[in-house]
Amino acid sequence: MALLVKNGEIITATDRYHADIYCEDQTISKIGHNLDVPPDTPTIDASGKYVFPGFIDPHVHIYLPFMGTVSKDTHTTGSQAALVGGTTTFIEMCAPSKGQDLLTEGFELWADKAKGSSACDYSFHMAVPHFDSNTKDQLREIVGQGVGSFKVFLAYKNFFGVNDEELWNTLSFAKELGVITTAHCENDEAIAQLQAQLLAAGNTGPEYHEPSRPISVEVDGVHHFTTFLQATGAAGYIVHLSCAAGLEAANRARYNGAEVYVEAVIPHLMLDKTYAERPNFEGAKYVMSPPLRTKPNQAALWQGLRNTDVNTVATDHAPFDFVGQKDMGKDNFVQIPNGIPAIEDRVNILYTYGVMQERIDIHRFVDAASTQAAKIFGLFPKKGTIALGSDADLVIYDPNHKETLTAANQTMNLDYRGFEGFEIAGKPTEVTVRGKVMVDGGKFVGDSSWGEFLAREPQY
Ligand code: URP
Ligand code: ZN
Ligand code: ZN
């Protein structure tokens, strides 16, 4: 299966030049002008378009049993939506809850669901919700099967959340195995107390979600996680950091010697807390944790993205329908399933509101949405760049495309769109995964079982 991409402008995290790309055996084998290729090679003409490396979303939930329901996308719908939006690889959280078996009700369950059902390539972070006498053996086995990162939740008391002893044991073992640990940083006890106080005072709407998880609670989580990183010597990655003070806490920890990376997610960059305050329960569509913050916090995240204090941009795609799922919390904001869908929109929103509005340059865009995730999570240079020998994951991008996002036109399997009404100023026209055309003319045309599990080695 060969493919020639001609006349495009190649843009990576570091380089920008016009050249043709020849792909064979799933990888990039030639880059240059007037390439010597077989005469009948299928060809994409990328004139007037950019050619980006496939984008990588390092934080998604596709299958997520959570808060009394299960997320709406399947691996088929979620991966197709990812590809339409230019994401060719995602890293999903295997998220068993407290007391469930990490192997059979964790890694093996998630691996079975994804196998043969994903159109794009995928990998996993392994969530560790408890640490008992079996845990070391099970984690060693899971890491041996190619899961090179863990996930801990300091929030979601009694469900995913770990106590301090479990956190310590997980990080110490991660250090021993050489894997990085990703973390949701919020203090779960403070949240539980604030939720109870707000409900007791009759404050039940989605607008009370943010007051129940104030910035101080997130900063405490960041400080706590990074304190444990420093003490154990483990490497860490803070997921969905939402606020200026959280970023300051992460930077302070770096200054003091912690090896810690920071992720922002596209909802926190673009949507402020007034979305969750929308009347008639509409705000429930925008309930996620940590919550949407005020505009100055968004500005701080963009600034961090520009100066690389924020390493990556992910989605934290967590899709729950408005009718039948979000409305489980109609009389009690604590029961609104947390999450905002974004897997289809991350790249186009970041390009439009980041690059086009000059908040970041086009190389930082590629870096934050692809290359850094590949480097931090052990996929580089197979993924995350355009180079000889790299997988032929290419996004042919029309920088003149104009569109208004709306639920009616989305590929995500959901009854609303997180970025409803947003204008975009660019879009992938063709997307390839290991040389196979998966998106053509902006629509999914591929094979829904083409996606492969990406085994990752410990590297810390
Ligand atoms: O609100 C969120 N973020 N939902 C998904 C679960 C998580 O915390 O990542
Ligand atoms: Zn989280
Ligand atoms: Zn998440």
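In the block above lies the structure referred to throughout.
One structure accompanies this document, and this report is about it. (Residues numbered from 1 in each chain as written. Chains lettered and ligands numbered in written order. Predicted model: local features only at pLDDT ≥ 70, side-chain atom pairs only at ≥ 80, totals over all residues. Heavy atoms only, no water.)

Our focus in this paragraph is the pattern of salt bridges. Counted by the stated rule, this structure contains 24 salt bridges. Note that Asp121 and Arg434 form a salt bridge whose closest N and O atoms lie 2.7 Å from each other. Of this pair, Asp121 sits in strand E10 (residues 121–127) while Arg434 is found in the loop between strand E19 (427–433) and strand E20 (436–440), placing the two residues 313 residues apart along the sequence. Residues Asp121 and Arg434 agree in their burial class; the two are buried. The salt bridge involving Lys285 is made with Glu282; its shortest N-O contact spans 2.8 Å. (Salt bridge = Lys/Arg side-chain N within 4 Å of Asp/Glu carboxyl O. Helix = DSSP H or I, 4+ residues; strand = E, 2+ residues; numbered from the N terminus. Buried < 20%, exposed > 50% of the residue type's maximum accessible area, 1.4 Å probe, protein only.)

Looking now at the sheet that holds strand E6 (residues 55–60). The pairing of strands in a sheet comes from backbone hydrogen bonds and takes either a parallel or an antiparallel form. One open sheet accounts for eight strands, arranged E6-E9-E10-E11-E12-E13-E14-E15; its pairing is parallel. Among the strands making up the open sheet, the edge pair consists of E6 and strand E15 (312–314). Each strand axis lies, on average, 30° off the axis of its neighbour in the sheet, ignoring direction. In the packing of helix H2 (residues 103–114) onto the sheet, the strands contacted are strand E9 (87–94) and E10, and the crossing angle to E10 comes to about 160°. Where helix H12 (residues 362–376) meets the sheet, its contacts fall on E6, strand E12 (180–184), strand E13 (236–238), strand E14 (260–265) and E15, and the angle it forms with E6 comes to roughly 65°. (Pairing = 2+ DSSP bridges. Axes fitted to C-alpha atoms, helices over the stretch in contact; angles between N-to-C directions. Contact = heavy atoms within 4.5 Å.)

Between two packed helices, the angle of one axis relative to the other and the distance separating the axes together describe the packing. Orientation of helix H4 (residues 164–177) relative to helix H7 (residues 215–232), taken along the N-to-C sense of each, is 45°, at an axis distance of 10 Å. In terms of their interaxial angle, H4 and H7 are classed as oblique. Crossing geometry of H4 relative to H7 is assigned as right-handed. Touching Asp164, Leu167, Trp168, Leu171, Ser172 and Lys175 of H4 are His224, Phe225, Phe228, Leu229, Ala231 and Thr232, all from H7. Across the contact of H4 with H7, the residue classes tally to seven nonpolar, three polar and two charged. (Parallel < 35°, antiparallel > 145°, perpendicular 65-115°, else oblique. Left-handed = near helix turned anticlockwise from the far one by under 90°. Nonpolar A, V, L, I, M, F, W, Y, C, P; charged D, E, K, R; others polar.)

His59, His61, Phe153, Tyr156, His184, His240, Met288, Ser289, Asp316, Ala318, Asn338 and Gly339 make up every residue found near ligand 1. Contacts to ligand 1 include His184, whose side-chain N or O atom sits 3.0 Å from an oxygen atom. Burial of ligand 1 by the protein chains amounts to 100% of its free accessible area of 260 Å². (Near = heavy atom within 4 Å. Polar contact = N/O pair within 3.5 Å; in protein donor to acceptor, adjacent residues only side chain to side chain. Areas by Shrake-Rupley, 256 points an atom, 1.4 Å probe, with all protein chains shown as cover.)

Our next topic: the coordination of the zinc ion (ligand 3). In this structure, His59 (NE2), His61 (NE2) and Asp316 (OD) serve as the protein donors to the zinc ion (ligand 3), at separations of 2.0 to 2.1 Å. Around the zinc ion (ligand 3), the four donor atoms sit at angles spanning 87 to 138°, and that spread fits a shape best called irregular. Considered as a linear motif, the donors of the zinc ion (ligand 3) on their single chain read H-x1-H-x254-D. Separating the zinc ion (ligand 3) and the zinc ion (ligand 2) is a distance of 3.8 Å. Just as His59 is buried, His61 falls in that class too. (Donors = N, O, S within 2.8 Å, 3.2 Å for Na, K, Ca; no water. Tetrahedral: all angles 85-135°; square planar, octahedral: opposite > 155°, others 65-115°.)

Along strand E11 (residues 149–153), five of the five residues are buried, which leaves the element largely enclosed by surrounding structure. Of the two faces of E11, the one holding Ser149, Lys151 and Phe153 and the one holding Phe150 and Val152 are both buried throughout. Across two bridges, the pairing between E10 and E11 is parallel. Across the sheet, residue Met126 finds its bridge partner in E11, namely Phe150. In this region the chain leaves E10, passes through helix H3 (residues 135–144) and returns to the parallel neighbour E11; the handedness of that crossover is right-handed. The handedness of the E11 to E12 crossover, carried by H4, is right-handed. (Right-handed = clockwise from strand over helix to strand, strands pointing away.)

Each angle at a metal carrying four tetrahedral donors should ideally be 109.5 degrees, and each at a metal carrying six octahedral donors should ideally be 90 or 180 degrees. Binding of the zinc ion (ligand 2) to the protein goes through His184 (ND1) and His240 (NE2), at separations of 2.1 Å. Coordination at the zinc ion (ligand 2) is irregular: its four donor atoms span angles of 56 to 151° at the metal.

Below, the discussion takes up the packing of helix H11 (residues 346–355) against H12. Between H11 and H12, whose axes approach to 10 Å, the crossing angle comes to 150°. On the basis of the axis angle, H11 is roughly antiparallel to H12. Considering the relative orientation of H11 and H12, their crossing is right-handed. On the side of H11, the interface is formed by Arg346, Val347, Leu350, Tyr351 and Val355, while H12 contributes Ile362, Phe365 and Ala369.

By size, the foremost hydrophobic cluster in this structure holds 113 residues, and its most contacted members are Phe52, Phe225, Met270 and Phe365. In contact with Phe52, other than residues within four places in its own chain, are Ile11, Ile362, Phe365, Val366, Ile386, Asp393, Leu394, Val395 and Tyr397. (Core = buried A, V, L, I, M, F, W, Y, C linked by side-chain atoms within 4.5 Å.)

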